[in-house]
Amino acid sequence: MSDEERAVLDYFPEIGQIADGNRRAQVLAVWTRMLEESGFDALTDVPIAPHLAYSQFRHNRAILEMALAVAEVLERYHGVAIDRDDLLSVALLQDVSKLVEFEPDGAGARLSPIGQQLRHPVYGVHAALAAGCPVHVAQGILEHSPKNPRVPPQLVTSILYFLDRLDMMAVRESVGGGDHPERQPAD
């Protein structure tokens, strides 16, 4: 196991909850690739947005934990079976491309050439497909973004679509930004 793989598993032990061994390996491969391509020294150094020096790692962890809780509630109250491997995969990978969409600039972060030319989260979709993730997982990564023109029709992706927005509202509150436009991340 590489240092990058160990680091990813330390940050995201939930990867181990993915029941399908192939899917687990695919998700780990995507994170490892992004970490290797990243200009950041650690996952905790990646900001949520270039203009918002708040930890992407914290945002990702919050969404991951909320998604698992929401799935449990929906299953308990409505009997809706939510595929945990799909939920975990998309929750873990939805913002993985930020590791390469942004780059350190000494005073924080800026958009990298990839971030300037591709909208979030296109590169993450590419990496997921290249690692062998199913197309519906790649679609979930793509459709979680606020740039998505519609609410996703799949339940797993809709959970993440709304939780991403909810968590960003909490992040803005925690940094005292409220609805100030300069504090709002692009995605």
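Structure's up top.
Description of the structure in this document. Since this is a predicted model, take the numbers as computed values, not measurements. (Residues numbered from 1 in each chain as written. Predicted model: local features only at pLDDT ≥ 70, side-chain atom pairs only at ≥ 80, totals over all residues. Heavy atoms only, no water.)

Okay, the environment of Q26 next. Mapping Q26 onto the fold places it in helix α2 (residues 21-37). Looking at Q26, the relative accessible area reads 15%, which means it is buried. Along the sequence, Q26 and L129 sit 103 residues apart, while their C-alpha atoms lie 9.2 Å from each other. Those residues within four positions of Q26 in sequence are excluded, and the remaining contacts are A131, G132, C133 and P134. (Helix = DSSP H or I, 4+ residues; strand = E, 2+ residues; numbered from the N terminus. Buried < 20%, exposed > 50% of the residue type's maximum accessible area, 1.4 Å probe, protein only. Contact = heavy atoms within 4.5 Å.)

Evaluated as defined, the whole model comprises 4 aromatic pairs. Taken together, a centroid distance of 5.1 Å and an interplanar angle of 90° make the contact between Y161 and F162 edge-to-face. The partly exposed category is assigned to F162, whose relative accessible area is 47%. An aromatic cluster is present here, built from Y11, F12, W31 and F57 joined pairwise through their rings. The ring of Y161 has R165 sitting right over it, with the charged end atom 3.5 Å from the ring centre. (Phe/Tyr/Trp six-rings, centres within 6.5 Å; stacked < 30°, edge-to-face > 60°. Lys NZ or Arg CZ within 6 Å of the ring centre and 35° of its normal.)

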